[in-house]
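# Structural characterization, general
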Amino acid sequence: TFTPDNEFVIGYAEDAGGFFWLAGQGGYGIQTAPAVAALSASLVVEMPVHDFPARQEFEAACFSQSRFSKI
């Protein structure tokens, strides 16, 4: 799948309780699968982000689907 900004959507939907987004892997998903899986698992179980993605110095919030509410 692809998103308007070509970035991942990872996290719980704000408008559908319990729905977890994991979309936007189109084009480079296989290369990023380990980090995306670790981030997703951490968010689902509400635990700190796994060591590998945490070392990449990003904020999980940047992958929220809410960024499209401004489009």
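See the structure above.
Heads up: these notes are all about the structure in this document. (Residues numbered from 1 in each chain as written. Predicted model: local features only at pLDDT ≥ 70, side-chain atom pairs only at ≥ 80, totals over all residues. Heavy atoms only, no water.)

### Describing the overall build of the protein chain
Applicable threshold: Strands here are runs of E lasting at least two residues and helices are runs of H or I lasting at least four, both read from the DSSP assignment and numbered beginning at the N terminus. Residue exposure (1.4 Å probe, protein chains only): buried if accessible area is under 20% of the type maximum, exposed if over 50%, otherwise partly exposed. Only heavy atoms enter the contact rule, under which two residues are in contact if any of them lie within 4.5 Å. The protein chains shown are the only cover counted for residues, whose accessible areas, like all others here, come from Shrake-Rupley with a 1.4 Å probe.
When its secondary structure is counted, the protein chain shows 2 helices and 2 strands. Sequence-ordered secondary structure for the protein chain, helices as α and strands as β, is β-β-α-α. For the protein chain, with 71 residues in total, the buried portion stands at 31%. If you take every contact in the protein chain between residues at least 6 apart in sequence, the share linking residues at least 24 apart comes to 45%. Total accessible area computed for the protein chain in this model is approximately 4,900 Å², and 60% of it derives from carbon and sulfur atoms.

### With respect to helix 1 (residues 29-44)
Note the threshold: To estimate the expected span of a helix, count its residues, drop one, and scale the result by 1.5 Å.
Taking 1.5 Å as the rise per residue, helix 1 with 16 residues should run 22 Å; its terminal C-alpha atoms sit only 19 Å apart, a clear shortfall. Listing the buried residues of helix 1 in full gives G29, A35, V36, A38, L39, S40 and S42. One or two steps after helix 1, the chain reaches E46, where phi turns positive at roughly 55°.

### Re the pattern of salt bridges
Condition: Each salt bridge in this description consists of a side-chain nitrogen of Lys or Arg and a carboxyl oxygen of Asp or Glu lying within 4 Å of one another.
A complete count under the given rule lists 1 salt bridge for this structure. A salt bridge links R67 to D5; the nearest nitrogen and oxygen atoms lie 2.6 Å apart. On the criterion of sequence distance, the pair formed by R67 in the segment after helix 2 (51-54) and D5 in the segment before strand 1 (9-12) is long-range, its members being 62 residues apart. Judged by its relative accessible area of 19%, R67 is buried. Taking the relative accessible area as the measure of exposure, D5 reaches 33% and is therefore partly exposed.

### Focus: the environment of A38
The topology assignment puts A38 in helix 1. Overall, A38 belongs to the buried group, its relative accessible area being 14%. Residues A38 and V49 lie 11 residues apart in sequence; the distance between their C-alpha atoms is 7.1 Å.

### Structural notes on the nonpolar core
Rules: As used in this record, nonpolar core signifies buried Ala, Val, Leu, Ile, Met, Phe, Trp, Tyr and Cys residues forming a set joined through side-chain atoms within 4.5 Å.
Membership of the largest hydrophobic core is limited to 6 residues, which are F8, I10, F20, V36, L39 and F63. Excluding anything up to four places from it in sequence, V36 contacts F8, I10 and L22.

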